[in-house]
Amino acid sequence: MAEQSVIPMDQLLPNKLPLVALMGRPIFPGIFTPIMIGNPNDVKVVEHAVAGDALIGLVMLRNDTETPTIEDLFKVGTAAKIVKKINLPDGGVNIFISTLKRFRVKKTLHAENPIIAAVEYLEDEEDSTSEVKALTRALVSEMKQISENNPLFSEEMRLNMINIDHPGKIADFIASILNVDKLDQQKILEVMNVRKRMEQVLVFIKKEQELLRIQKRIQREINEKIEKSQRDYFLKEELKAIKTELGMTTDAKSSEYQRFKDKLDAFNFQGEIKEALDQELEKFSLMDPNSAEFIVSRNYLDVVSGLPWNDPAPEALELKKAQGILEADHYGLEDVKKRIVEFLAVRKLRGDTKGSIVCLVGPPGVGKTSLGRSIARSLGKAFFRFSVGGMRDEAEIKGHRRTYIGALPGKIIQGLKIVKTKDPVFMIDEIDKMGQSFQGDPASALLEVLDPEQNSNFRDHYLDLPFDVSNVFFIVTANTLDTIPTPLVDRMEIIQLPGYIDTEKLEIAKRYLVPKSLEKNGLKKKQVSYTQDSLLHIANGYAREAGVRNFEKNLDKIHRKLAKVIVDAQELPDNPPPAKFSIDKGLIEEHLGKPIFPEGDIKKADRPGMSLGLAWTNMGGDTLIIEATSVPGKEGITLTGKMGETMKESAIIAMTVAQKLGAERYGLDAEWFSKNHIHLHIPEGATPKDGPSAGITMATALLSLMRGKVIAPALAMTGELSLTGQVLPIGGLKEKTIAARRNKAKHIIIPRQNIRDLDDIPEKVKKGVQFHPVDRFEEVLALALPG
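Just so you know, these numbers come straight off a predicted model, no measurement behind them.

Asks: Explanation requested: the nonpolar core in the structure shown.
Replies: General note: in soluble globular proteins, nonpolar side chains tend to be found buried as a group. By size, the foremost hydrophobic cluster in this structure holds 57 residues, and its most contacted members are Leu-680, Ile-696, Met-698, Leu-702, Leu-703, Phe-777 and Val-780. At eight residues, the largest contribution of residues to this core is made by helix 23 (residues 695–707). With sequence-adjacent residues up to four places away left out, Leu-680 is seen in contact with Ile-626, Glu-627, Ala-628, Ile-637, Thr-638, Leu-639, Thr-640, Met-643, Ala-651, Met-698 and Leu-702. If you look at the next biggest cluster of nonpolar residues, it comprises 53 residues, including Leu-281, Ile-412, Val-472 and Phe-474.

Now the structure itself:
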């Protein structure tokens, strides 16, 4: 009898196979695995196969279609034998398969339902070289490392790699259990060369190892955090047990409650405040520390307990000392300092601090904020400053209600909590620049704060308790009173700060600005000296303003350049810096460039139809040139120079008065007016101008034009003109006088009713200037156009 040989199953495979589409990953040869089949068409294929040779082809889908055709499948798949079939209640089947061999689709026999194809079976190539053997060892070694860190890999390898001895099958098995993208797995399935297949699998193993390393690090960090939190928990429990034994409070909430209670009890509250805070404390004690309301209540109690509720100590005010501090900190401003000292004297005499609200009004840079600091220093009190410029929300003053998330008390209560005293000096800057919006009017909110009759029971929205702020010394600053509501102005003591003349700026620079700027720029006092002419040149040529802010900026600019010279010299040993810099007028121009206001840049009325007027602005006093000219044409007047409504009306009145006096006094022909068109202009046309105080100036310019005569030299004037020729009083005479002095005016025409204001102007400002009080416009003409 002939010896019968055993033929392996993978060599008895048919040339045509029914194909089952795989939605997930491809399945490699040499694998025993279950598959769930749910598609009714695929179920029929399986049942038909089981009835025959139990062989099917498994091919991965290219897309996610539910009714695939052979075009939707990859060309390479795996032949498998169905070992067992289990019917499922939903109509699907669960089959256990043993995969046998790769195949490639050669020809389509039936394109869909069921898909049947003629196939060719693919053999492994280059599977017994020394390189393949080395790669096999490498794969097994690397997989052992992975399995040590991943018990799932270890179990699956134990079950499936027992009898795997072929290098290609080892590569297939490892590719099937690695966490690799299904398209990458399909590419591995399509590689027939065993060496190349093993190299690709080795790359994916390395990626898997890197992922496992990262996973291990993350797991270690998580474990460390868990161990730390557990350790903290046990330590806290131990601490709690120790505190219980010692009779101490055992949680943070209890200690905070006790802290708030002790603080609030020390204030000895009565009435409404005591009742409200007792309720709040009781509510706080019953709250869960993890609730949002707990934080709100805690913050509220923290604010309340941090406020200075107790009455302040009696004020130990020494008038001489206060006066000395004001004199040391500020040069000039004699009238201002005198009024402040008088104000402090009244405080001392009355023996209380209530109703102290001062408003410092003046142009920028004259020292309003620094004067407030000096007042606080002279009183020996805490100082708190905040600006309300641009503020549009009244909640900034009176706080937000606690119902809002992130609610805070207003600036007044915040300031009191910071200074921790009930009688500080509060400076509210830029009160004239507050705005209004749909969120409220902060100026109206300040009415209660700055009213001595109301602020003893000030209620902040956040606090919602009466708090006495009447002991606070309020100092507010503004550039002008025009934009401040009248009720607010009525509640304050107004102190006007005029601008400085050049001699005052000279002294301020010597005493304060130069030393301050030298220190700020790293220079020593002995290194730099200025001549008197150089400082006056800065004041008149570069910083012709009411204050000294630009003066200080120019000094900083010079000192920065000197600092650079010194540093450059230090870096070059052969070129030592000069021991001292002596700054004269020539060096000023070298460092600052040509003057912004040249010495000859004095406004002069040196032609017919011109006159020199005086104006008041938020920046201090200023001089205005009025220009008038005539052209043949229709009778009338054109006004240019961005005049406001009041100024335009003054110009019409000036025209009428000039026409009347021109005809009556100077005998001008009435036809001159009907044949000529008058044009009145105020230069610097981009700057808005308004107010009635230029009335006599415009009328003088018109009569100068009509007569063809130039007005008297070095003459400036200010005054409102009525239709009957009366000269009416004006405001801001001090600032206007300073502006006239800066413009080298020797004579100033003023309304007679303003004589009282001359007493408020310092003698050094009036020195060299002759004032001419007038009642009627005819007196103005006698001075401006004599003869």
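Here the narrative resumes, following the displayed structure.
Asks: Quick question: what am I supposed to make of the sheet that holds strand 13 (residues 493–496) here?
Replies: Either a parallel or an antiparallel arrangement is found when strands of a sheet pair, and the pairing is made through backbone hydrogen bonds. In space, the five strands of this open sheet follow the order 8-9-12-7-13, with parallel pairing throughout. Looking at strand neighbours, the two that pair on one side only are strand 8 (383–387) and strand 13, the edges of this open sheet. Averaged over all adjacent pairs, the angle separating strand axes in this sheet is 20°, with direction ignored. By the bridge criterion, four bridges tie strand 9 (residues 425–429) to strand 12 (residues 473–478) in an arrangement that is parallel. From the neighbouring strand, Val-425 faces strand 12, where its bridge partner is Phe-473. Lying on the sheet, helix 11 (residues 334–350) is in contact with strand 7 (357–361), strand 12 and strand 13; it crosses strand 13 at an angle near 155°. Its contacts with the sheet put helix 12 (residues 368–379) on strand 7, strand 8, strand 9 and strand 12, and the angle it makes with strand 9 is roughly 175°.

Asks: I would appreciate a short explanation of unusual backbone geometry in the present structure.
Replies: Note: most residues except glycine have negative phi, and most peptide bonds are trans. A positive phi angle, close to 65°, is found at Ala-54, a residue other than glycine. With respect to the element layout, Ala-54 can be found in the loop between helix 1 (40–51) and strand 3 (55–60). Here Glu-430, not a glycine, exhibits a phi torsion of approximately 55°, which is positive.

Asks: In this structure, what is going on with the side chain of Lys-381? I would like to understand it.
Replies: The topology assignment puts Lys-381 in the loop between helix 12 and strand 8. Judged by relative accessible area, which is 15%, Lys-381 ranks as buried. A distance of 2.7 Å separates a polar atom in the side chain of Lys-381 from a polar atom in the side chain of Asp-423. Setting aside residues no more than four positions away along its own chain, Lys-381 makes contact with Glu-315, Arg-347, Ala-376, Asp-423 and Val-425.

Asks: Just checking my understanding: could you explain a nonpolar patch on the surface for this structure?
Replies: On the surface, Ile-218, Ile-222 and Ile-226 cluster together into a nonpolar patch covering about 230 Å² of accessible area. Among the structural elements, Ile-226 can be located in helix 6 (residues 194–246).

Asks: How should the packing of aromatic side chains be read in this particular structure?
Replies: Tallied over the entire structure, the rule returns 10 aromatic pairs. Taking 5.8 Å as the distance between ring centres and 75° as the angle between the ring planes, the aromatic pair formed by Phe-260 and Phe-284 counts as edge-to-face. Taken together, the positions of Phe-260 in helix 7 (residues 252–266) and Phe-284 in helix 8 (residues 271–286) put the pair 24 residues apart, joining distant regions of the chain. Residue Phe-284 is classed as buried on the basis of its relative accessible area, which comes to 0%. Plain terms: the ring middles of Trp-309 and Phe-467 are 4.8 Å apart, the flat faces sit at 65° to each other, and that makes the pair edge-to-face.

Parameters at a glance
Residues numbered from 1 in each chain as written. Predicted model: local features only at pLDDT ≥ 70, side-chain atom pairs only at ≥ 80, totals over all residues. Heavy atoms only, no water. Core = buried A, V, L, I, M, F, W, Y, C linked by side-chain atoms within 4.5 Å. Buried < 20%, exposed > 50% of the residue type's maximum accessible area, 1.4 Å probe, protein only. Helix = DSSP H or I, 4+ residues; strand = E, 2+ residues; numbered from the N terminus. Contact = heavy atoms within 4.5 Å. Pairing = 2+ DSSP bridges. Axes fitted to C-alpha atoms, helices over the stretch in contact; angles between N-to-C directions. Polar contact = N/O pair within 3.5 Å; in protein donor to acceptor, adjacent residues only side chain to side chain. Patch = residues over 30% accessible without salt bridge, like charges linked within 9 Å, V, L, I, M, F, W, Y side chains within 5 Å. Areas by Shrake-Rupley, 256 points an atom, 1.4 Å probe, with all protein chains shown as cover. Salt bridge = Lys/Arg side-chain N within 4 Å of Asp/Glu carboxyl O. Phe/Tyr/Trp six-rings, centres within 6.5 Å; stacked < 30°, edge-to-face > 60°.

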